[in-house]
Amino acid sequence: MDVDGVLTDGTVEIRSDGTEAKRFSILDGLGLVRCREAGLTLAWISGRASAATAARAAELKIPHLIQGRTDKLAALQELAGRLGLAAAEVCYAGDDDLDAPALAWAGIGATVPAAMPAARAAARLVTARAGGAGAVREICEHLLRRPV
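First, a word on what this report is: a plain description of the structure on this page. Quick caveat, the model's predicted, so the values are computed rather than measured.

1. Things to note about the overall build of the protein
Broken down by element type, the protein carries six helices and seven strands. Moving toward the C terminus, one meets the helices and strands of the protein in the order β-β-α-β-α-β-α-β-α-β-α-β-α. Against the compact-globule benchmark of 15 Å for 148 residues, the protein has a radius of gyration of 14 Å, which places it among compact chains. A buried classification covers 44% of the 148 residues belonging to the protein. For the protein, long-range pairs separated by at least 24 residues make up 44% of all intrachain contacts whose partners lie at least 6 apart in sequence. Within the structure as shown, the protein displays about 7400 Å² of accessible surface, and the carbon and sulfur contribution to it stands at 54%.

2. A closer look at the environment of Thr8
Tracing the backbone shows Thr8 in the segment before β1 (13-14). Each C-alpha atom, one on Thr8 and one on Ile66, is 16 Å from the other, the two residues being 58 residues apart in sequence. Once you skip the residues sitting within four places of it in the chain, Thr8 turns out to touch Val3, Lys22, Arg23, Phe24, Gly131 and Gly132. Polar side-chain contacts of Thr8 include one of 3.2 Å to the backbone nitrogen of Gly5.

Procedures and definitions
- Numbering of residues starts from 1 in every chain and runs along the sequence as written.
- Given that this is a predicted model, residues contribute local features only at a pLDDT of at least 70 and side-chain atom pairs are listed and counted only at 80 or more, while totals for whole chains, interfaces and linings are drawn from all residues.
- To obtain the side-chain values, all non-hydrogen atoms of the structure were included, while hydrogens and water were left out.
- Each helix is a run of DSSP H or I of at least 4 residues and each strand a run of E of at least 2, with the numbering of both proceeding from the N terminus.
- The globule rule used for comparison is 2.2 Å times the number of residues to the exponent 0.38, while the radius of gyration itself is calculated over C-alpha atoms.
- Each residue is placed in one exposure class: buried if its accessible area under a 1.4 Å probe, protein chains only, is under 20% of its type's maximum, exposed if it is over 50%, and partly exposed if it falls in between.
- Any two residues whose heavy atoms approach within 4.5 Å at even a single point are treated as in contact.
- All accessibility values rest on the Shrake-Rupley procedure with a 1.4 Å probe; residue burial counts only the protein chains present in the view.
- N or O atoms within 3.5 Å of each other form a polar contact, as long as, within protein, one can give a hydrogen and the other can take it, and as long as residues adjacent in sequence are counted only when both atoms are side-chain atoms.

Right under this line is the structure:
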């Protein structure tokens, strides 16, 4: 999944000393832990490199963190290839134009209510909750309810 706008509300706080802060939902974190414990492979793909993202990914034991890649489709397809996954076996969540090709390619493309029009058009699932406020938890619960 994308990070900014999906796992966060899409804003970045830059302090006067140049450090960055992001807010991540505890609801989303528990959903991701449950997915990991159920055997799902988790990955975050972000167009921006961020120490805050890396710290949260480490805390949640996200095994695949790809930062600084704006071609989300290429990054997702490369990762799926390394993992031996077909598009139908992949769920991708994103909220912006850069995410639209990956959303369309994945077997399940999910987005948030405030997504840009291209992302909404490409997605098959739109969460009720906003990015950074439980949207990822909804996606996780959807995945965990699906038969294996």
